[in-house]
Amino acid sequence: MAAPYDLNDDSVVVIIGSGAGGGTLGNELAQKGIDVVVLEAGSRIEYEDFINDEWESFAQLAWLDHRTTGGGWRVHKDFPNLPAWIVKAVGGTTTHWAGASLRFQEHEFKDLTTYGKIEGANLLDWPITLADLEPYYAKAEDKMGVTRTNGIEGLPGNNNFKVFKAGADKLGYKECNTGRMAINSAERDGRMGCQQTGFCFQGCKWGAKWSTLYTEIPKGEATGRLEVRPNSHVVKIEHDKAGKVTGVVYADTDGKLHEQKARIVCVAGNSIESPRLLLNSHSSMFPDGLANSSGQVGKNYMRHTTGSVYAVFEKPVHMYRGTTMAGIIRDEAIHDPSRGFVGGYELETLSLGLPFMAAFLDPGGWGRSFTSAMDNYPNMAGMWIVGEDMPQEQNAVKLHPELKDQYGMPIPDVSFTDHPNDIAMRNHAYQRGQALYEAVGAIRSFPTPPYPSTHNLGTNRMSEKASDGVVNKWGQTHDIRNLFISDGSQFTTGGAENPTLTIVTLAIRQADHIAGEMAAGTI
Amino acid sequence: MAMVHENRRGISRRELLKRGTIGAALIISGRAVISPRDAWGLETTALKPETTATLIVLARDIYPHDQLADRFYAIAVKGQDAKAAEDPAHRTLIEDGIADLDRRAGSGGYRGLGWEDDRVAILRDIETTPFFQAVRGDLVVSLYNQKEIWPIFGYEGESYSKGGYIDRGFNDIQWL
Ligand SMILES: Cc1cc2nc3c(=O)[nH]c(=O)nc-3n(C[C@H](O)[C@H](O)[C@H](O)COP(=O)(O)OP(=O)(O)OC[C@H]3O[C@@H](n4cnc5c(N)ncnc54)[C@H](O)[C@@H]3O)c2cc1C
Ligand code: SF4
């Protein structure tokens, strides 16, 4: 049974957000016998109620509160109020996600050392290494049921994968398979195997894909020590005169404010809301926002260097059938500066349904060049590029100077401009992706610009020194001992890999640390 | 779809001639745009019916799919009328935008230009205007999100109720 906690119970750990970071941390702490309240802005929608329809699902799950954008990225022009495609619901963006689960490479924890100083980039080494995370990566892979780990079989390849693989072979790529996916290839952990329905981005109606919604959260609730409170939008974190956080103020469905007391507060609202909340929690003691003595809260916003390549063939592909992300090429994920950029990228198959293809193939595009591509929809194959982007101080989540949300709090403005390294990498990847499809007979191919950000990282980054970042190697803020960051905003740098496995890994590790500190009475 | 109703009455040839045709296929009667050939009519409330008729042609010029009947474009622009009814500023945006297209097209108006290329040349000049952006931005959803057109594009839509594609061809590609 889920345990309801009193608002004045100041012994609980409050976690803000129930996605990859928050949902995992909540369960891990509850398993250790720690009392946890997870406050989640969105509502609880169980997987049976997900919708196999792109726009309807978007309306059901996406975070649609007002946001603005700035900077040189094309998203600012094409989707000025949708910087990111992320979720507001119990389970967070793990409802929408595709499931690709790759470990960071060793050098990706040491960017500054490996790449050296790069003009315009705010590079830093992580205060942890791959070796520190390995045992936790192993736990995360087991928890999430990642294919090709723990003896779990890979998923079968769909049509989109087969085209991708044939092209990869032609180009001489060696590391191409159906990937490491947190999607059951067979029944496991009480969840069934993938039925190849092809609506992974709309929430898996079979529960085959891992999401905190129907794994971590019910498991935590079963301990009797975890309460998930949906429709609870945190607007402010409170602190006492000693500078320790004491609780959070949140709005319920009716906009009514409540204060939940806490012994520890963990922020896991994803990389736009987490820094926004710290900034909005400014006080006379912390005029620049909580945990912001470094001035780095909200800075170094990363979103991965992305883009897609779609191609049209003479004969049908039906790429939308089966897993959305059905295969990965890792050969380009290495660091090889001879390609004209530092860091690397993954190529991963991707498909969109007809409605989203129209919106994202060439945002703003129209006329026969556009529609003739759409006419060939069944003959299309597609892939997504995900590469390491450079942290830059001016790429940032800031509070909007005038606009307020429904609770009267300043809305976030998300500003992003590609670094020259990002552009060089994307162009290289476009060229490789187009070559791959041409090698298997593509008639036309399309270098499709990045979508609104699905990976949002770095805005409360981890650093050895308090002056360089917001949190230490445990995700504990440098400034406030009982305030933690538990999501992807901790990332010092982004790596080439999809981030969620690493977010989950850090959450498991953080839970050990918090439990240890609580037992020792240090927080 | 209720917004486009079937035109059961039918229209006599004489009436047709009296009312005059729009482009080749659409006519205007009262507050409705009617396609006698395909037997449907679209009632307008806030926008002039002539404006709606031009919007339908404009919609096809923006996203030309020869395999799609006018009906789908009519459904797709219907939302402009609804928005215009709620918001006078939107009504002005659309009416002025269409009037501007007609002015640019010369004596016969936008719909009077017989070649798509000529109409598109005008659109290229106004594609950054708020009017064009509003029409295109809405259309990209209102056209491609019509479930009725998905089969025409070979998109199969919802698949959960059919048990996914695990036994229905997720890996059936033969030509590689
Ligand atoms: C379409 C798509 C595909 C993806 N595919 C992959 C993939 O294949 N592999 C991969 O690794 N990653 C993928 N991702 C990214 C992945 O989903 C995210 O990296 C991950 O979910 C982030 O975890 P998080 O805990 O930081 O935030 P989230 O999972 O987004 O959770 C944050 C939660 O906090 C809540 N919240 C925010 N602010 C507040 C507040 N003030 N009060 C209360 N609650 C709040 C939100 O409502 C949300 O539920 C994908 C994302 C998308 C959108
Ligand atoms: S393809 Fe598999 S993982 Fe994706 S939604 Fe369908 S059943 Fe779930």
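This is a predicted model, so every value here is computed, not measured.

### Focus on the UniProt feature "domain: Glucose-methanol-choline oxidoreductase C-terminal" (unreviewed entry) in chain A
Reasoning step 1: Within this structure's numbering, the places UniProt gives as "domain: Glucose-methanol-choline oxidoreductase C-terminal" (unreviewed entry) are residues 391-507 of chain A.
Reasoning step 2: Split by type, residues 391-507 of chain A is 24% helix and 20% strand. Its first and last C-alpha atoms lie 22 Å apart.

### Focus: the pairing of strand β15 (residues 410-415) of chain A
Residue and element names in this part refer to chain A.
Reasoning step 1: Burial analysis of β15 places six of its six residues in the buried class, which makes it a mostly covered element.
Reasoning step 2: The sheet contact formed by strand β3 (residues 68-70) and β15 spans three bridges and is parallel. Counted as the bridge partner of Thr 68 is Asp 413 from β15.
Reasoning step 3: Pairing of strand β14 (residues 396-404) with β15 involves five bridges; the strand directions are antiparallel. Its bridge partner lying in β15, Lys 404 is registered against Pro 410.
Reasoning step 4: With antiparallel pairing between neighbouring strands as the criterion, β14 and β15 make up a hairpin whose turn holds five residues, including Gly 408 at a positive phi of roughly 85°.

### Points about the pattern of salt bridges
Reasoning step 1: Taken as a whole and judged by the stated rule, the model has 41 salt bridges over all chains.
Reasoning step 2: Asp 172 of chain B is the partner of Arg 321 of chain A in a salt bridge, and the nearest nitrogen-oxygen pair spans 3.0 Å. Here Arg 321 of chain A, found in the loop between β10 (305-312) and β11 (328-329), pairs with Asp 172 of chain B, found in the segment after α6 (130-142), and the two come from separate chains.
Reasoning step 3: Salt bridges linked by common partners bring Arg 67, Glu 273, Arg 276 and Asp 405 of chain A together as one network.

### Focus on the packing of helix α3 (residues 70-86) of chain B against α6 of chain B
Residue and element names in this part refer to chain B.
Reasoning step 1: Between α3 and α6, whose axes approach to 8 Å, the crossing angle comes to 130°. Judged by the angle between their axes, α3 and α6 are oblique. Relative to α6, α3 is oriented so that their crossing is right-handed. Residues Ala 76, Val 77, Gln 80 and Lys 83 of α3 lie in contact with α6, whose contacting residues are Ala 134, Val 135, Asp 138, Leu 139 and Ser 142.
Reasoning step 2: When grouped by side-chain class, the residues that make up the contact of α3 with α6 number five nonpolar, two polar and two charged.

### Points about the site of ligand 2
Reasoning step 1: Taken together, Ile 183, Cys 194, Gln 195, Gln 196, Thr 197, Gly 198, Phe 199, Cys 200, Cys 204, Trp 206, Lys 209 and Thr 323 of chain A are the residues near ligand 2.
Reasoning step 2: When the residues that make up the shell around ligand 2 are grouped by side-chain class, the tally is six nonpolar, five polar and one charged.

### Some thoughts on the interface of chain B and chain A
Where the parts come together, the accessible area they lose is often given as the size of the interface.
Reasoning step 1: Between chain B and chain A, the contact holds 41 residues from the first and 43 residues from the second.
Reasoning step 2: Across the interface of chain B and chain A, roughly 3600 Å² is buried in total on both sides, 62% from carbon and sulfur atoms.
Reasoning step 3: Across the chain B-chain A interface, the total number found is six salt bridges.
Reasoning step 4: With a shortest N-O distance of 2.9 Å, Arg 321 of chain A and Glu 156 of chain B are connected by a salt bridge.
Reasoning step 5: Summed over the shared surface of chain B and chain A, the result is 25 residue pairs in polar contact (both at pLDDT 80 or more).
Reasoning step 6: Elements that contribute at least two residues to the side of chain B that touches chain A include exactly α2 (49-62), α5 (116-126) and α6 of chain B.
Reasoning step 7: Residue classes in the side of chain B that touches chain A are distributed as 20 nonpolar, ten polar and eleven charged.

How each quantity is defined
Residues numbered from 1 in each chain as written. Chains lettered and ligands numbered in written order. Predicted model: local features only at pLDDT ≥ 70, side-chain atom pairs only at ≥ 80, totals over all residues. Heavy atoms only, no water. UniProt positions renumbered as here; feature names shortened; annotations may be inferred. Helix = DSSP H or I, 4+ residues; strand = E, 2+ residues; numbered from the N terminus. Buried < 20%, exposed > 50% of the residue type's maximum accessible area, 1.4 Å probe, protein only. Pairing = 2+ DSSP bridges. Salt bridge = Lys/Arg side-chain N within 4 Å of Asp/Glu carboxyl O. Axes fitted to C-alpha atoms, helices over the stretch in contact; angles between N-to-C directions. Parallel < 35°, antiparallel > 145°, perpendicular 65-115°, else oblique. Left-handed = near helix turned anticlockwise from the far one by under 90°. Contact = heavy atoms within 4.5 Å. Nonpolar A, V, L, I, M, F, W, Y, C, P; charged D, E, K, R; others polar. Near = heavy atom within 4 Å. Buried area = accessible area lost by both parts, 1.4 Å probe. Polar contact = N/O pair within 3.5 Å; in protein donor to acceptor, adjacent residues only side chain to side chain.

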